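# Fold and contact review
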Amino acid sequence: MAHTEWKDAPGLPDFSLLKRLARDQLIFLLEQQHEVDKLYKVELKPIVSSSDQLCFLIRPRIQTVKWISDLVNADKVAGRFRRYKIIFTPQKFYACETVLEEQGVYGDVTTDEWNFYILPLDDDILSLELPEFFRDNFLEGDQRWVTTAGSALRLLQSVYGSFSKVYGIGRCAKMVYESWRELMEDGEQRTRQPEFAKVFLVDRDVDFVTPLCSQVVYEGLVDDLFRIKCGSVEFGPDVTSSDKSIKVMLNSQDKVFSEIRNEHFSNVFGFLSQKAKNLQTAYDKRRGMDIQQMKAFVADELKGLKQEHRLLSLHIGASESMMKKKTKQDFQELLKTEHSLLEGFEIRECITYIEEHINRQVSMIDSLRLLCLLSITENGLLSKDYRSLKAQYLQSYGIEHLLTFANLRQLGLLEEQQAGETLTVMESKVGKLVNDKTVGKLTDAFSSLAKKSNFRALSKRLALVPKSGEEYDLRVPRDMAYVFSGAYIPLSCKLIEQVLERDGWTGMEEVTRMLNGQEFAVTARSKTDAQRIVLVMFLGGCTFSEISALRFLGKERGTYYVKQME
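Structure report, in brief. Remember, predicted model here, so these are calculated numbers, not experimental data.

Here the focus is the pattern of salt bridges. Under the counting rule described, the total for this entry stands at 32 salt bridges. Between R61 and E132 there is a salt bridge, with its nearest N and O atoms 2.8 Å apart. Note that R61 is positioned in the loop between β1 (53-58) and α2 (62-77) and E132 in the loop between β5 (125-127) and α4 (133-139), a separation of 71 residues in sequence. A salt bridge links R551 to E219; its shortest N-O distance comes to 3.6 Å. In this pair, R551 is assigned in helix α24 (residues 544-557) and E219 in helix α8 (residues 218-226), connecting sequence segments 332 residues apart.

Its location among the elements puts A391 in helix α16 (residues 383-397). According to the relative accessible area criterion, A391 is partly exposed, its value standing at 43%. C-alpha of A391 to C-alpha of L402: the two residues are 11 residues apart in sequence and 9.7 Å apart in space.

Below, the discussion takes up the packing of helix α14 (residues 347-359) against helix α15 (residues 364-377). In contact at an axis separation of 9 Å, α14 and α15 are set at 160° when each is read in the N-to-C sense. Comparing the axis directions of α14 and α15 gives the class roughly antiparallel. Relative to α15, α14 is oriented so that their crossing is left-handed. On the side of α14, the interface is formed by I347, I351, Y353, I354, H357 and I358, while α15 contributes D366, S367, L370, L371 and L374.

Bringing the sheet that holds strand β3 (residues 109-113) into the picture now. Spatially, β1-β2-β3 is the arrangement adopted by the 3 strands of the open sheet, whose pairing is parallel. On the outer flanks of this sheet lie β1 and β3, each paired with one strand and no other. Neighbour-to-neighbour, the strand axes of this sheet turn through a mean angle of 20°, independent of strand direction. As defined by bridge partners, strand β2 (residues 83-88) adjoins β3 across 5 bridges and the pair is classed as parallel. Within β3, the residue paired with K85 across the bridge is T110.

Another aspect to go through is the packing of aromatic side chains. Aromatic ring pairs are reported here in terms of the distance separating the ring centres and the angle at which the planes meet. In the structure shown here, the tally under the stated rule is 22 aromatic pairs. The interplanar angle of 20° and the centroid separation of 6.4 Å between the aromatic rings of F15 and F196 together place this pair among those described as stacked. Taken together, the positions of F15 in the segment before α1 (16-30) and F196 in the loop between α6 (171-186) and β7 (198-203) put the pair 181 residues apart, joining distant regions of the chain. Classification of F15 as buried rests on a relative accessible area of 5%. Note on F196: relative accessible area 0%, which makes it buried. With centroids separated by 5.3 Å and ring planes inclined at 35°, the aromatic side chains of Y177 and F520 adopt a geometry described as tilted. Here the residue Y177 occupies a position in helix α6, and F520 occupies one in strand β10 (residues 519-523), the gap between them amounting to 343 residues. Per residue, the accessibility class of Y177 equals that of F520, and both read buried.

A separate point is helix α5 (residues 145-160). Under the 1.5 Å per step criterion, the end-to-end length of α5 is 23 Å for 16 residues, consistent within 8% with the ideal 22 Å. Across the 16 residues of α5, 12 count as buried, placing the element largely inside the fold. Restricting attention to buried positions, one finds in α5 the residues W145, V146, T148, A149, G150, S151, A152, L153, L156, Q157, V159 and Y160. Count one or two residues on from α5 and you reach G161, which has phi positive near 95°.

Cut-offs used in this document
Positions within a chain are numbered from 1, following the residues in the order the chain's sequence is written. A pLDDT threshold of at least 70 governs which residues receive local features in this predicted model, and a stricter bar of 80 or more applies before side-chain atom pairs are shown or counted, although totals over entire chains, interfaces and linings include all residues. Only heavy atoms go into the side-chain values, all of them from the structure, while hydrogens and water stay out. Put simply, a salt bridge is a Lys or Arg side-chain nitrogen that is within 4 Å of an Asp or Glu carboxyl oxygen. Strands are runs of DSSP state E lasting at least 2 residues, helices are runs of H or I lasting at least 4, and numbering of each runs from the N terminus. Using a 1.4 Å probe on the protein chains alone, a residue whose accessible area is under 20% of its type maximum counts as buried, one over 50% counts as exposed, and one in between counts as partly exposed. To get an axis, a line is fitted to the C-alpha atoms, and for a helix only the part in contact is used. The angle between two axes follows their N-to-C directions and goes from 0 to 180 degrees. Here the angle decides the label: under 35 degrees means roughly parallel, over 145 means roughly antiparallel, 65 to 115 means roughly perpendicular, and every other value means oblique. Crossing chirality is assigned from the near helix's rotation relative to the far helix, an anticlockwise turn below a right angle marking it left-handed and a clockwise turn marking it right-handed. Note on contacts: a residue pair qualifies if any of its non-hydrogen atoms lie within 4.5 Å across the two residues. Pairs of strands are assigned from DSSP output, requiring at least two bridges between the strands. Only the six-membered ring of Trp is used, alongside the rings of Phe and Tyr, when aromatic pairs are assigned; centres must lie within 6.5 Å, and planes under 30 degrees apart are stacked while those over 60 apart are edge-to-face, with the rest tilted. The span one expects for a helix is its residue count, reduced by one, times 1.5 Å.

Following this line, the structure appears as C-alpha cells:
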C-alpha cells in the first residue's frame, strides 16, 4: 500500500543527504582521534585497553557520564595518564557537564557534540531515535528534548527548503514550534525550492487510545512480536527454520515487505502464497533454455530471484510465527474486548474479561494496556473497579507495580473517578425530568455506560468508530479504520486529515476544547507550488498502525506524508 504510484505523485526528498551530513560531521570530530585500535560498546563496565586515548560517543545520559567519570578516576588512582574525549549526540546538556565537574574530572575530559538529529529509516520515515523522549517530557516534565526536536526541524528546513504552513496541537508541540522559530531567527536564512508543503506537530498525549490498541497490520505485528529497532528486526530460529537468528532491514528496498507492510494481516498469507507461485514460475523459465538464454538468465535474473526467495521465506516464517501466537482464541477475545471498549458496549463484560486476563497472567503488558484503554474510553474507572482491578494486578504481577500505577495515574492513562465526575450528558437530560436526588440513585451499571467521556464525545464528533453492523471489506479498505480491522480510525490521523482539509482549526473548536486546546496554525511563508508532501512529527513516538493509516490517506489524497517520530 505504501508508495503505490498515482497520477502526478510528488517525489519524496532525498533523505540520504541527512546521512551524508551526519557522516561528514562525525569524521570531522574524529579527525584528532588517530590510531583507533578497537571499538567498544558502552556497557557500563570496566574497559580493558592499552590505548592512551579513549573517545566515547554517547547519548547525554547522566548514568553514562558517571560511568565515564569513574573510569577516569580509576586511571588517576592507578597513576595512568590518558586523553579522554566525550562526543555527545545529538547534543550535550549542562547537566552532563555538571556531573563531570562534581566527579572532579571536568578538566581531564574534552567534550563535543555530534548533531545527528535525524535518522532516515525509510523513504518516508525519519526518526530522532529518542526512546526516552516520552517518559522525560510527559511523565518527568523534563523539556530538554524540545530543543532537539526544534533543531531537527531547522535541519530539515535548511536542507529541503522552508515550510509554507505549520500546524500543531499539544503543549510540547507548541514549545517545539517556538524553539524552531527562535533557531531560525538566529540562524542564516537560505532560499531554495521547498520540498515540504506543510508540517504537522502532534503530542503523543493528544491520542493515547491508538497506541493502546493491538496492531493488526503486518508491520505493526512484526513490531509487537519481534521489536523493530532502528529500522531492523532480528528473526529467531522459529522464523528462519535454522539454528541461527538473522537481522533484517525492513524498508522499501525489501520488495516483499514493501508490498505487505501496510496490509491487514488477514490478507498477508494470500499475497505471500501468490508471490511464491510467481517466483516458482520465474524459476521454471529455465527449462528449455539454450546456452545463451541460460547465461542471460543467470546474469540478469537469477541473483534477484534468489534474494526475493530468501526474503519471501523469512516473511512466510514470520507470518507463520504470528499465526501461532495471534490466531489463538485469546487474541480474538482480546480484539473483541478492545472493540467493545472503543464502541462503549458491554463494559461490565469487558471488565470481567480483564479480570480473567490478569488472574490467568496471560500477559503483564496486555493487561495494563486493557486497563488503560478502559480508563481512557470510560473517562476513568469507578472507585470500586479501580481498587479491585489494581489489587488483582498487584497480586498477580507483584507489589513493585505500585509505582507503575502511580506513573500511569500521573500521565492520565489509568485514573480513578473522583466523586462528582460521573454525570454525563445523558444524566443531565434525565436531571431535567427528575430531581437531583433521583439522579444520584442511578445504578453503577448505568453510570458505567453513560458517564461523561471526552473520548466518547470525540469519537462521535469525528466519526472515529464506524457504525456497528456495517460490512467492512479489509481487502478493499474504504478508510483508515482498516488498520484496526474497521473498528476504529486513529484519532491522531483523523485530526491531521481534518486540519489539512480545512487548512486550519476553524470549525474544530469543540474538538480542540475536548483535547485541552494548545492548537495552532501558522503561515510560515507565502503559498508556492511546493510539492504535496506533508511532514508529520509525532512528539513522543508513534505506532506503525498510524504510519500505515497516513500512507493510506496519502494514497487517497495524492499526498505523501513523511512521518517523523521520537
